[in-house]
Amino acid sequence: PGAIFWMWIIAFFGMATIYAEAVLAQETRVVESDGTVLGGPVYYIKRAFPNGFGKFLAGFFAVAIILALGLMGSMVQSNSIGSTFNTAFGIPSWVMGIMLVIICAIIFLGGVQRLAAVTEKIVPIMAAIFLLAALAVLVVRIKYIPETFGMIFKYAFNPSAIIGGGIGYALKTAISQGAKRGLFSNEAGMGSTPHAHALANVKSPHEQGTVAMIGVFIDTFVVLTMTALVVISTLYAGNGVLASGAAEGISKTNMAQLAFSSVMGSGFGSAFVAICLLFFAFSTIVSWNMFGRVNCRYLFGKKANLIYSVIAIAFIFLGSLLSNDLVWELTDMFNQLMVLPNMIALVALSGIVAVAARKRSDEHELRK
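Attention here is on the structure that accompanies the text. This is a predicted model, so every value here is computed, not measured. (Residues numbered from 1 in each chain as written. Predicted model: local features only at pLDDT ≥ 70, side-chain atom pairs only at ≥ 80, totals over all residues. Heavy atoms only, no water.)

Now for the layout of surface pockets. As a volume, the second largest pocket reaches approximately 260 Å³. Every element with two or more residues in the lining of the second largest pocket is listed here: helix H1 (3-28), helix H8 (167-186) and helix H14 (324-348). In terms of residue count, the dominant contributor to the lining of the second largest pocket is H1 (5 residues). In terms of residue class, the lining of the second largest pocket is made up of 7 nonpolar, 6 polar and 2 charged. (1 Å grid on protein atoms, 1.4 Å probe; cavity = no way out; pocket = protein on both sides within 12 Å on 5 of 7 lines; lining within 4 Å. Points joined across faces, edges and corners; volume = space filled by probe spheres on them. Helix = DSSP H or I, 4+ residues; strand = E, 2+ residues; numbered from the N terminus. Nonpolar A, V, L, I, M, F, W, Y, C, P; charged D, E, K, R; others polar.)

What follows is the structure in structure tokens.
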């Protein structure tokens, strides 16, 4: 339960980080002769270090994001979809893997973006439905909400009673899990979202930076917090099944299903979470593939995108076959490799970010 506290901390500072990422993505984006807009960390890394070191750092980032999101990250998403559908409907994970491969192949190789566009429109609706369902569960468990918040703060600093081991090890684990899951959730500082922010048509980079900050707030302080409160109030609080540390048969993927099922009923709760996750995870696969594609193009040229897409599709299927823990450990490792070159560039270019923020502030004062 304490991990959610550290997710909040990471997100709070991450709002500043992602503001910088979005501003720099806008400042350094490239518009090609055919109108294609390209942007992302590789472009502002080279602005920060216009020498051999910058070229190395940009190349390192490009390789890291292709591995972290385009390949390993997509494995996490297909693994989660396969696991939740197996729990909810008894469909083998590999069957869901094949279905995802077919749909992704149509989009990535056939260039049929209408499927992706439909998903893009459905996801906000699904998110709203998910939040309403979470709110309904919290209303049912309302008497356990004070205990839930108490557990979040208690186990943020003293998690040894649940995790086991010494206080130092337990605290390190709680902070580590909060940081890794928070980073995976809102992506602030990873260098992934700048690829999308570079595409936006805005009056000033500051505007896109503000949008990026709002995205982190909604993601972590609304969606993630609501999900965490549902899980903790049903599985931990009030002598829940995890209160005593008994976690047999419970994994990262079915925890939310068990939480919703405890109020909605096992059949409906599991199915509801599985369907929501399908849209959330699939839209993530599509966007992460695009991020990897931009960097593959930077490294090897436009023609290499076909090979990259074929490999990415293979990893999507592989993710549906591998164990849950292995997939998560792999993606956590490569996510951290992305952060390093990205943060070095953000610090180096912090002056540009400060100028964009001050310029907007001065304009606001003049209007007043």
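Attention now goes to H1. Between its terminal C-alpha atoms H1 stretches 35 Å, which fits the 38 Å expected from 26 residues at 1.5 Å a residue. The element H1 is largely enclosed, with a buried count of 20 among its 26 residues. (Expected span 1.5 Å × (residues − 1). Buried < 20%, exposed > 50% of the residue type's maximum accessible area, 1.4 Å probe, protein only.)

With that settled, the discussion passes to the side chain of asparagine 295. With respect to the secondary-structure elements, asparagine 295 resides in helix H12 (residues 266-300). Since its relative accessible area comes to 0%, asparagine 295 is described here as buried. Aside from chain neighbours lying at most four places away, what touches asparagine 295 is Val42, Phe61, Ala62, Ile65, Ile66 and His195. (Contact = heavy atoms within 4.5 Å.)

Quick look at the side chain of serine 270 now. Tracing the chain through its elements places serine 270 in helix H12. If we skip the residues at most four places from it in the chain, serine 270 touches Thr87, Ala88, Gln257, Ser261 and Gly265.

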